[in-house]
Amino acid sequence: MIHTTAGRRAATRLIACAGAAALLLTGCSTADQGGSAGESRTTDDGRIAYLNLGNFSNASNPKPNYNPFSTTAIGPLWTIYDPLFEVNKYDCSEVPQLATEYEWTSPTEMRLTTREGVTWNDGEAFTAEDVAFTFTLLKKNPALDTKGVGVRLTSAEATSDTEVVLTFDGPAYAIKDKIIETTIVPEHVWAGVDDPATYTAEEAVGTGMFTVKSLNPQQFTVEANPDYWQADKVKVDELRFTKAAEGQVDQLRLARGEYDHNSMFVPDIEDSYVAKDPEHNKYWFASGSPISLYMNLTEAPFDDVEFRRAIAQAVDKERLTEEAGYGYVEPASQTLLVLPGQEDWLDPSIPDEGMVAYDPETAADALTAAGYELDADGKRLGKDGEPLAFTFTTPQGWSDWTAAADSVKDDFAELGIAVDVDTPDYPTVEQNRLTGTFDMAFGVRGGLCSMYQSFAEPLASENTAPVGKKASTNEVRWRDARTDALLEELEVTEDVEAQKPIVHELQQIMVDQVPFVPLWYGGKWFEYNTKHATGWPSAEDPYAGSDNNRLIYTSLVPAED
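Residues numbered from 1 in each chain as written. Predicted model: local features only at pLDDT ≥ 70, side-chain atom pairs only at ≥ 80, totals over all residues. Heavy atoms only, no water.

Asker: Looking at this structure, how should I read the overall build of the chain?
Answerer: The number of helices and strands found in the chain is 15 helices and 22 strands. On the principal axes, the C-alpha backbone points of the chain span a range of 80 × 65 × 40 Å. With 561 residues in all, the chain has 55% of them scored as buried. Only carbon and sulfur atoms are counted for the fraction: they give 47% of the accessible area of the chain, which is about 23,000 Å². Positive and negative side-chain charges of the chain, numbering 43 and 93 respectively, have mean locations separated by a distance of 4 Å. (Helix = DSSP H or I, 4+ residues; strand = E, 2+ residues; numbered from the N terminus. Buried < 20%, exposed > 50% of the residue type's maximum accessible area, 1.4 Å probe, protein only. Areas by Shrake-Rupley, 256 points an atom, 1.4 Å probe, with all protein chains shown as cover. Lys, Arg positive; Asp, Glu negative; His and termini not counted. Charge placed at Lys NZ, Arg CZ, Asp CG, Glu CD.)

Asker: I keep staring at unusual backbone geometry and nothing clicks. Help me out?
Answerer: Going from Ala-300 to Pro-301, the amide bond is cis rather than trans, its omega being 5 degrees. Relative to the helices and strands, Pro-301 is located in the loop between β15 (286–295) and α7 (305–314). Cis rather than trans, the peptide bond between Leu-339 and Pro-340 has omega equal to 10 degrees. Mapped onto the elements, Pro-340 comes out in the loop between α8 (317–323) and α9 (360–369). Phi at Cys-92 takes a positive value of approximately 70 degrees, unusual for a residue other than glycine. Within the secondary structure, Cys-92 sits in the loop between β4 (85–87) and β5 (94–96). The buried category is assigned to Cys-92, whose relative accessible area is 16%. With a phi angle near 50 degrees, Val-514 is a residue other than glycine that sits in the positive phi range. Mapping Val-514 onto the fold places it in the loop between α14 (496–513) and β19 (517–524).

Asker: Could you clarify how one ought to interpret α14 in this entry?
Answerer: An α-helical segment advances 3.6 residues per turn. Residues three or four places apart therefore align on the same side. For α14, with 18 residues, the first-to-last C-alpha span of 25 Å sits near the 26 Å given by 1.5 Å per residue. Three or more residues of α14 are buried, namely Gln-499, Lys-500, Ile-502, Val-503, His-504, Leu-506, Gln-507, Ile-509 and Met-510. Its side-chain oxygen placed 3.1 Å from the backbone nitrogen of Glu-497, Asp-495 serves as the N-cap of α14. (Expected span 1.5 Å × (residues − 1). Polar contact = N/O pair within 3.5 Å; in protein donor to acceptor, adjacent residues only side chain to side chain.)

Asker: Looking at this structure, I do not really get the environment of Phe-168. What am I missing?
Answerer: As for its placement among the helices and strands, Phe-168 is situated in strand β9 (residues 163–168). Phe-168 sits in the buried class, given a relative accessible area of 5%. Sequence spacing of Phe-168 and His-188 is 20 residues, and the spatial spacing of their C-alpha atoms is 25 Å. The contacts of Phe-168, once residues within four sequence positions are left out, are Thr-108, Val-149, Arg-152, Leu-153, Thr-154, Ile-175 and Ile-179. (Contact = heavy atoms within 4.5 Å.)

Asker: Sorry if this is basic, but what is going on with the packing of helix α12 (residues 451–459) against helix α13 (residues 481–491) here?
Answerer: The geometry of a pair of packed helices is captured by two quantities: the angle between their axes and the separation between those axes. The geometry of α12 relative to α13 is characterised by a closest axis approach of 10 Å and an angle of 150 degrees between their N-to-C directions. Looking at the two axes, α12 sits roughly antiparallel to α13. Note on packing geometry: the crossing formed by α12 with α13 is left-handed. Contact residues: Met-451, Tyr-452, Phe-455, Ala-456 and Leu-459 in α12; Thr-483, Asp-484, Leu-487, Leu-490 and Glu-491 in α13. (Axes fitted to C-alpha atoms, helices over the stretch in contact; angles between N-to-C directions. Parallel < 35°, antiparallel > 145°, perpendicular 65-115°, else oblique. Left-handed = near helix turned anticlockwise from the far one by under 90°.)

Asker: Just to check I follow, could you spell out α12 for this structure?
Answerer: The buried fraction of α12 is high, at 9 of 9 residues. Every buried residue of α12 is accounted for by Met-451, Tyr-452, Gln-453, Ser-454, Phe-455, Ala-456, Glu-457, Pro-458 and Leu-459. Against the buried residues of α12 lie α3 (176–180), α13 and α14.

Asker: Mind showing me how you'd approach the packing of aromatic side chains here?
Answerer: Two aromatic rings, taken as a pair, are described by how far apart their centres are and by the angle between their planes. Following the criterion strictly, the structure yields 35 aromatic pairs and no others. Here Tyr-228 and Trp-229 contribute two aromatic rings whose centre-to-centre distance is 5.4 Å and whose plane-to-plane angle is 55 degrees, an arrangement assigned as tilted. As far as burial versus exposure is concerned, Tyr-228 and Trp-229 are alike and both buried. Here the aromatic residues Phe-265, Tyr-283, Phe-285, Tyr-326, Tyr-328 and Trp-525 are joined through ring pairs into a cluster of three or more. Over the aromatic face of Tyr-50 sits the side chain of Arg-240, whose NZ or CZ is 3.8 Å from the ring centroid. Across from the ring centre of Trp-345, 5.9 Å away, lies the NZ or CZ of Lys-500, which sits over that ring. (Phe/Tyr/Trp six-rings, centres within 6.5 Å; stacked < 30°, edge-to-face > 60°. Lys NZ or Arg CZ within 6 Å of the ring centre and 35° of its normal.)

Asker: Would you explain the pairing of strand β16 (residues 389–393) in this entry?
Answerer: Along a regular strand, successive side chains alternate from one face of the sheet to the other. With 5 bridges joining them, β16 and strand β17 (residues 418–422) adopt parallel strand pairing. Note on β17: the bridge partner recorded for Phe-390 is Val-419. The parallel pair β16 and β17 is bridged by helix α10 (residues 399–414), and the resulting crossover is right-handed. Note that β16 and strand β18 (residues 440–444) share 2 bridges and pair parallel. Bridge pairing in β18 places Phe-392 opposite Met-440. (Pairing = 2+ DSSP bridges. Right-handed = clockwise from strand over helix to strand, strands pointing away.)

Asker: What exactly am I supposed to notice about the sheet that holds β15 here?
Answerer: Pairing between the strands of a sheet comes from backbone hydrogen bonds, and it takes one of two forms, parallel or antiparallel. Spatially, the 5 strands line up as an open sheet ordered β17-β16-β18-β15-β19, and their pairing is mixed. The sheet is open, and its two borders are formed by β17 and β19, each paired with just one other strand. Averaged over neighbouring strand pairs, the angle between their axes works out to 30 degrees when direction is ignored. As defined by bridge partners, β15 adjoins β18 across 5 bridges and the pair is classed as antiparallel. Bridge pairing in β18 links Leu-293 to Phe-442.

Asker: Mind showing me how you'd approach the state of the cysteines here?
Answerer: Any covalent bond linking the sulfur atoms of two cysteines counts as a disulfide. This model, assessed by the stated rule, comprises 1 disulfide. The disulfide that involves Cys-92 links it to Cys-449, with 2.2 Å between the sulfurs. On the S-S bond that ties Cys-92 to Cys-449, the torsion sits near -85 degrees, and the link is left-handed. Of the two residues, Cys-92 is situated in the loop between β4 and β5 and Cys-449 in the loop between β18 and α12; the sequence distance between them amounts to 357 residues. This pair shows no difference in class: Cys-92 is buried, exactly as Cys-449 is. (Disulfide = S-S within 2.5 Å.)

Following this line, the structure appears as structure tokens:
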């Protein structure tokens, strides 16, 4: 499987069937897409009649569940509900949605101004009371609080129809993105719910750009909400989501132009997708969170910064992107930033944007100078005189990560270090990484718009634990007083310009001390067809992240016939 990330969620590559003949033998067929891919869908009033999209549920028999806080909800709930702000996942800008502005009146208090003239899709008026109710709901129901906002909340009060005051139990700047991205639900519907955690919200009352039209096991259809607060920007009458099929079926659907937009891994995308219709079949695989080489810092020689610096030079990242990333992804910066999207945060004094060049000869010389010499057989010795040998663990069946681990194994072999690649099941790899019982593994941290979260998760001492006990997020066991001091300062600093020098110093720690080695950026799979709609984000026009659907579907226009 492909297990790269988009913001921290793994993207799964579909496993190929034996071939087209197998599809016929097993009865695989495309779902009813509602018309020929070649027909015009531009309506008389200049709109797009419908667009066909990808999967909406991983359940075998999807049932109505439109609770936006439920882990088993029907997937594309961005169609129904709105947050306070949409954070652009490409450049980290904040786009007002149900709130128009916010300000911090103190490190523990945020004042939100809500948008006027918004109605719920059942005709009731949206007010600040709905916002206050939603945050209180999360505080009272921890099972709904998947982002961890409610646990920090002290109170949520609507001081007028358009103002909400949120207070927290401590400085809350660091969770700002989580706060403003909170999905808002209607008080007049949810106030009477006995058990919000099991509530399926089948009424689907939201403020979003679409409303539910129909649901069956194979298709989920939403239609444009005429009362949406920016309805003039929505040029699509319907979105039709189709249940993902086994094997190659979805890839065949995509190649035939049956999907106007999907997000899937496609082998050899130029030949298998673009070449089928070069004029209309497009893709953009933006960079997501980096996949990094984790070395257990509680063990020698990984506890030696000179060793880690040499390893950072010894790994051939370009080869990794080809062998493990199929050429779709880019080598990652040692700064832990996702570039170029986060270049505004980059410390300009760091050479080459933190890209560590592959230089095995310099790495080998550095190891020898640091006391890791070669014996007569070409084996690299530890400072105890014993040959260095490690185990690299990666999940069974994750073919791209296994290929990457084998590539890293070869790079270590060039240095005279033996590495054995072990592939236990995923739960075992995860358990060992969290408890610190591993030599080397891959990990995915960083790349978030919250700079505090990006650096605190993998580096804060409070997020690690002694070997044998589970770390929350700092699996490499990095402990450093200066890092912790910087993170504490960043946590209570509101102004972005004041945050940047702190983030610059954290980047310097990543570059100089090498707590771990970012290798390649996870790909955000995003395919689109311009036959019926144009205005999709792309590498040439990255106006939104590929997962910023609210920004995308208010930007599309009908294609010219």
